[in-house]
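Remarks on the overall topology
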2 protein chains.
Amino acid sequence: MKARTRKEEIIIVASRLFKEKGYNAVSMRDIALAMGIKAASLYNHIQGKQEILSTLILEVAQEFTLGMNTVMLSTATPTEKITSVIELHIDITVNYSEGLAALNNDWMHLENDDLSDFVKMRENYEENFRKIIKEGIEKEEIKAQHPEVILFSILSTLRSLYVWYQKRGKLDVNILKKDMVAVLLNGIVV
Amino acid sequence: MKARTRKEEIIIVASRLFKEKGYNAVSMRDIALAMGIKAASLYNHIQGKQEILSTLILEVAQEFTLGMNTVMLSTATPTEKITSVIELHIDITVNYSEGLAALNNDWMHLENDDLSDFVKMRENYEENFRKIIKEGIEKEEIKAQHPEVILFSILSTLRSLYVWYQKRGKLDVNILKKDMVAVLLNGIVV
DNA sequence: GAACAAAACTAACGTTTGTTAGTTAGAATT
DNA sequence: AATTCTAACTAACAAACGTTAGTTTTGTTC
């Protein structure tokens, strides 16, 4: 994500700080300092601290919703759909790594409609994923294990990816996709 | 974890609040209110807010270190060792769910020696896990995939378990262990 | 060069924060 | 009965918080 306006610059700088210390541990003065200006000057561009958080999170959340809807509308097999979802997560991780951190760690600090909208989107996303897995079990593509364990296992790996992706110096996205799909679908034992 | 002293009561109440809102979003007055006393009264039992956090986190961290050391000293095969580590995580999740939340989300708010001790323990833990996986690949028990992808995949699933465990009303621990091991080792496709 | 808008500034506001000091009520110990 | 201990209290602190108001600087357009 590149900054096209001053407002976007602020959001990008803030997201970097949020990622390191969390929303509540970052003050408006911290953000201003990182921008090289005074805290009051931020208010020429944004309405408040909350706006930074909600802009950041809801942008990424919509990206997920959009991607999942596309997958659900396709005629692919359940296994192919799961593969698509894994790839979707990796693409978003690469492009919105800071926003993802806020989404994962600070969503509970959203307020009012932003909070309830987010929670709804999240529940909807999980419900769609659950449908894919259950369909896979019915069609005997997926092992008849507890679907919740499968859902949770894949989803929590994908959600943590942002932490790990740039710690291990930016590997090739296509190789990462291939490896992740292999590990998550086929396991690790020979 | 049961409260045996007033200090432990405070730590338990605080950990519950930390889990919901994060360390920085919980004030000493919040903790005091949840205890039914005034904020200043907390200081008869604890040294400060930091002490709550470090007690909470380092207790759990030591539990992990201890468990991992036991696994490393055993003569089990790599696959068996991975199974033991998975079971270790599940046991700790069940017994220290609130502390785990703080460990996962608020470790960066530790200070001084507590912070560096924690980071060292964490690195050490990951390094041991990495050794097990590499040994498994050498002995051809584990697929010769990127070991980092395998490590990350399993570890992030296990680390997120605390979020999910009590949302899905407390299932039987032994069944959970069996299912998790199956999914993480053998994958999900038929 | 006057007029304008954008984006910075200084100064201050009312709250909330973690914490300290000193005090008090009740229970346990001598 | 006197003393000590435990655990609560009130009051207050300096610092940090998000935010507002009003002003000055900077760069662009007539």
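Note: the structure precedes this text.
Summary of the structure given here. (Residues numbered from 1 in each chain as written. Chains lettered and ligands numbered in written order. Predicted model: local features only at pLDDT ≥ 70, side-chain atom pairs only at ≥ 80, totals over all residues. Heavy atoms only, no water.)

1. Side note on the protein's contact with DNA strand D
- Close to DNA strand D lie 16 residues, the nearest being Tyr43 of chain A together with Arg6, Lys38, Asn44 and His45 of chain B.
- Near-protein atoms of DNA strand D (within 4 Å) split between backbone and bases, with sugar and phosphate holding 55%.
- Within the side chain of lysine 49 of chain A, one N or O atom sits 2.9 Å away from a phosphate oxygen of DNA strand D.
- Between DNA strand D and arginine 6 of chain B, the relevant distance is 2.5 Å, taken from a phosphate oxygen to a side-chain nitrogen or oxygen of the residue. (Near = heavy atom within 4 Å. Polar contact = N/O pair within 3.5 Å; in protein donor to acceptor, adjacent residues only side chain to side chain.)

2. Comments concerning the packing of helix α8 (residues 173-186) of chain A against helix α7 (residues 147-165) of chain B
- Relative orientation of the contacting elements α8 of chain A and α7 of chain B amounts to 50 degrees, with a least axis distance of 10 Å. Taken as axis vectors, α8 of chain A and α7 of chain B run oblique relative to one another. In this structure, α8 of chain A meets α7 of chain B at a crossing whose hand is right-handed. Residues Asp179, Met180, Val183 and Leu184 of chain A of α8 of chain A lie in contact with α7 of chain B, whose contacting residues are Val149, Ile150, Phe152 and Ser153 of chain B.
- By residue class, the composition of the contact of α8 of chain A with α7 of chain B is six nonpolar, one polar and one charged. (Axes fitted to C-alpha atoms, helices over the stretch in contact; angles between N-to-C directions. Helix = DSSP H or I, 4+ residues; strand = E, 2+ residues; numbered from the N terminus. Parallel < 35°, antiparallel > 145°, perpendicular 65-115°, else oblique. Left-handed = near helix turned anticlockwise from the far one by under 90°. Contact = heavy atoms within 4.5 Å. Nonpolar A, V, L, I, M, F, W, Y, C, P; charged D, E, K, R; others polar.)

3. Some details on helix α7 (residues 147-165) of chain A
All names here are of chain A.
- Its 19 residues place the ends of α7 27 Å apart at the C-alpha level, agreeing with the 27 Å of an ideal helix rising 1.5 Å per residue.
- The sharpest bend along α7 reaches about 35 degrees and sits at arginine 159.
- Among the 19 residues in α7, 16 count as buried, and that is most of the element. (Expected span 1.5 Å × (residues − 1). Bend = angle between axes of the 7 residues up to and from the residue. Buried < 20%, exposed > 50% of the residue type's maximum accessible area, 1.4 Å probe, protein only.)

4. Considering the protein's contact with DNA strand C
- Lining the immediate surroundings of DNA strand C are 16 residues, of which Arg6, Lys38, Asn44 and His45 of chain A together with Tyr43 of chain B lie closest.
- Take the atoms of DNA strand C that sit within 4 Å of the protein: sugar and phosphate atoms are 53% of them.
- Residue histidine 45 of chain A places a side-chain N or O atom 2.6 Å away from a phosphate oxygen belonging to DNA strand C.
- Here methionine 28 of chain B contributes a backbone N or O atom positioned 2.8 Å from a phosphate oxygen of DNA strand C.
- For the surface near DNA strand C, the class distribution of residues is six nonpolar, five polar and five charged.

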